[in-house]
Amino acid sequence: MIGTVYKSTGSWYTVKAASGTFIECRMKGKFRMKGIKSTNPIAVGDLVEYELEATSDTVTGTIFKIQNRKNYIVRKSVNLSKQLHIIAANIDQVFLLITITNPPTTTGFIDRFLVTAEAYGIETILIFNKIDTLDNESSDEQLYLQHVYQEIGYKCLRASAKNGKGIEQIKDLMLGKVSMFSGHSGVGKSTLVNALEPSLNLKTKTISEQSRQGQHTTTFAEMYDLSFAAQIIDTPGIKGFGIVDMEPAEISGYFPEFFKLKDQCKFNNCLHKDEPNCAIKAALENDKIAWSRYNSYLKILEGDDEHYRLDIYSEERKASDETRK
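Residues numbered from 1 in each chain as written. Predicted model: local features only at pLDDT ≥ 70, side-chain atom pairs only at ≥ 80, totals over all residues. Heavy atoms only, no water.

**Student:** Please clarify how the confidence of the model for the chain should be interpreted in this entry.
**Tutor:** Parts of the model with low pLDDT should not have their predicted coordinates read in detail. For the chain, mean pLDDT is 84; residues scoring 70 or higher make up 82% of the total. Of all secondary-structure elements in the chain, the lowest mean pLDDT belongs to helix H9 (residues 315-324), at 40, while strand E10 (residues 155-158) reaches the highest, 98. Segment residues 206-218 is flagged for pLDDT under 50; beyond a separation of four residues in sequence, or across chains, it makes 34 contacts in the model. In this model, residues 306-325 is a region of pLDDT below 50 whose contacts with residues beyond four sequence positions or in other chains number 39 contacts. (pLDDT = per-residue confidence, 0-100. Helix = DSSP H or I, 4+ residues; strand = E, 2+ residues; numbered from the N terminus. Contact = heavy atoms within 4.5 Å.)

Encoded structure:
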C-alpha cells in the first residue's frame, strides 16, 4: 500500500492512504542501517509503502520503503552537527515568513534559508508578515529588504493576519500545490495559517516580552489539506539555519545575483574574496549587489553556523543598515 506522510513525531508517522483514511505507522528498524545521515529518514511529504498490522484494539502500519523524492529541504541538525534534518519532502514551494520586529528576522537567516532552497531546487516566496505592527522606521526597513530580494528575483508579499492583508494573494499562489510555511518562532506562521483556513484553529502564542522571541507552538511538522484545493506543511519555528554538504566553490552559485556574474570573474575558481578582477566585488562596489547578501555569503563560506540571539542585530544586518545611512 502507498500513502503520504502527513505527520512525524519521531517514532510514529501519520500516513494518508489513497482512500483518504489516516493510518498510524511505525518505521522498520532496518531503515536506520542504510547509511542515511539524517536524524529523520522519513519526513512529512514522503510517499511511502507500508503494510497493515491488525491487533485486537486497532489497525496500524509498518513503513518498509520510501519512494523516490521529487525534492526535499534540509537543515543542519541542532544536536548532531554532522547530520542533517529533513524538514519536509516533495514540496512545490516554500513560504518563508519574515518579521522586522517582534521578533526580528536577520538577513543572515534569510540568506541561509534561500541558499539551501536554491540548492535543493525549491522555489521560495518571502512573506513580510505582521506589517500592521510596523512603525515608520520599521516600515522603511521592511520595504528596503523587500526591494533587495525583489531585485534578485524573489517573489515578495506583505501580509497581516490581523487585517487580512495579503491573504487572498497567498491563497492564489497555493492553489493546486504543496506549500511549506517556515520561519522563526513567533513570526506568525500559525496565525497566518488560521487566517488562510480558520477551521484548522492552530494553537498560537504571544511573543515573550523578556526575550522578544517567539514561543514554540508547532512541535512537529504536519501537512494539512485545505478547503481551497491546496495543501500546506506547517513546520516548527527555527532559530538558526545551519548549511550542510556544500563545497566552498559551489556556494556562490546559490546566490542568483552572484551566479549571473561568475563567468565574468578573471579566475574560474574565484571565491570572490581576495582575488583580483572579481566581477562580484566590482558589482558590490557599484551597489549592484547588496552588502548584506555579500556578508551572508562570506559567513557561509567561512562555515559560520549563525548561532545568534534573535534580540540582537547580526553583523549582516548592521552592515545593511550602515550602507543605507
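**Student:** Hey, could you run me through the packing of aromatic side chains in this one?
**Tutor:** Geometrically, a pair of aromatic rings is defined through the distance of the ring centres and the angle of the planes. All told, the structure shown has nine aromatic pairs when counted by the stated rule. Residues Tyr 72 and Tyr 120 carry aromatic rings whose centres are separated by 5.1 Å and whose planes lie at 50 degrees to one another, so their mutual orientation is tilted. A residue pair is termed long-range when its members are at least 10 positions apart, and Tyr 72 in strand E6 (residues 72-76) and Tyr 120 in the loop between helix H1 (107-119) and strand E9 (123-128) qualify at 48 residues. Residue class for Tyr 72 comes out partly exposed when judged on its relative accessible area of 29%. Summarising the aromatic geometry, the rings of Tyr 294 and Tyr 297 are spaced 6.2 Å apart at their centres and angled 35 degrees between planes, so their arrangement reads as tilted. (Phe/Tyr/Trp six-rings, centres within 6.5 Å; stacked < 30°, edge-to-face > 60°. Buried < 20%, exposed > 50% of the residue type's maximum accessible area, 1.4 Å probe, protein only.)

**Student:** Which parts of the structure should I look at to understand H1?
**Tutor:** An α-helical turn contains 3.6 residues, so a residue and the one three or four places further along point in the same direction. For H1, with 13 residues, the first-to-last C-alpha span of 18 Å sits near the 18 Å given by 1.5 Å per residue. Among the 13 residues that make up H1, eleven are buried, leaving the element largely enclosed by the rest of the structure. By the burial criterion, the buried members of H1 are Thr 107, Gly 108, Phe 109, Ile 110, Asp 111, Arg 112, Phe 113, Leu 114, Val 115, Thr 116 and Ala 117. At the exit of H1 stands Gly 121, carrying a positive phi of roughly 70 degrees. (Expected span 1.5 Å × (residues − 1).)

**Student:** What should I look at first to understand the pattern of salt bridges in this one?
**Tutor:** Tallied over the entire structure, the rule returns eight salt bridges. Here Lys 70 and Asp 92 are joined by a salt bridge, their closest N and O atoms 2.6 Å apart. Of this pair, Lys 70 sits in the loop between strand E5 (59-66) and E6 while Asp 92 sits in the loop between strand E7 (84-89) and strand E8 (93-98), and the two are 22 residues apart along the sequence. Residue Lys 70 is classed as exposed on the basis of its relative accessible area, which comes to 54%. Here Arg 293 makes a salt bridge to Glu 257, at a shortest N to O gap of 2.7 Å. Here Arg 293, found in helix H8 (residues 291-301), pairs with Glu 257, found in helix H6 (residues 256-259); they are 36 residues apart in sequence, far enough to count as distant. For the pair shown, Arg 293 and Glu 257 are each scored as buried. One network of salt bridges, with partners in common, ties together Asp 111, Glu 257 and Arg 293. (Salt bridge = Lys/Arg side-chain N within 4 Å of Asp/Glu carboxyl O.)

**Student:** Sorry, what's going on with the environment of Gln 231 here?
**Tutor:** The topology assignment puts Gln 231 in strand E13 (residues 230-234). Judged by its relative accessible area of 24%, Gln 231 falls in the partly exposed class. Separated by 57 residues in the primary sequence, Gln 231 and Met 174 have C-alpha atoms spaced 7.7 Å apart. Not counting residues up to four positions away in its chain, the partners in contact with Gln 231 are Tyr 6, Met 174, Lys 177, Val 178, Ser 179, Met 223, Tyr 224 and Asp 225. At a separation of 2.9 Å, a polar atom in the side chain of Gln 231 contacts the side chain of Tyr 6. (Polar contact = N/O pair within 3.5 Å; in protein donor to acceptor, adjacent residues only side chain to side chain.)

**Student:** Quick question: what am I supposed to make of unusual backbone geometry here?
**Tutor:** A negative phi holds for most residues other than glycine; trans holds for most peptide bonds. Residue Pro 103 follows Asn 102 across a cis peptide bond; omega there is -5 degrees. Relative to the elements of secondary structure, Pro 103 occurs in the loop between E8 and H1. Of note in the backbone geometry, Ala 229 takes a positive phi value of approximately 60 degrees without being a glycine. Mapped onto the elements, Ala 229 comes out in the loop between strand E12 (222-226) and E13. The class for Ala 229 is exposed, based on a relative accessible area of 53%. Here the phi dihedral of His 272 falls at roughly 65 degrees; this positive angle occurs in a residue that is not glycine. As for its position among the elements, His 272 is in the loop between H6 and helix H7 (279-285).

**Student:** Looking at this structure, I do not really get the environment of Asp 245. What am I missing?
**Tutor:** Within the secondary structure, Asp 245 is located in the loop between E13 and helix H5 (248-251). When the C-alpha atoms of Asp 245 and Leu 84 are compared, they prove to be 9.0 Å apart, with 161 residues separating the residues in sequence. Discounting residues that sit within four places of it in the chain, Asp 245 has contacts with Leu 84 and Glu 250.

**Student:** What should I look at first to understand the nonpolar core in this one?
**Tutor:** General note: in soluble globular proteins, nonpolar side chains tend to be found buried as a group. In this structure, Ile 73, Leu 126, Tyr 149 and Met 180 are the most contacted members of the largest nonpolar core, which totals 34 residues. The residues contacting Ile 73, other than those within four sequence positions of it, are His 85, Ile 86, Ile 87, Ala 88, Ile 91, Phe 113, Thr 116, Ala 117, Ile 122 and Met 180. Counting residues in each nonpolar core, the second largest holds 21 residues, with Cys 278, Ala 283, Ile 289 and Tyr 297 among its members. (Core = buried A, V, L, I, M, F, W, Y, C linked by side-chain atoms within 4.5 Å.)

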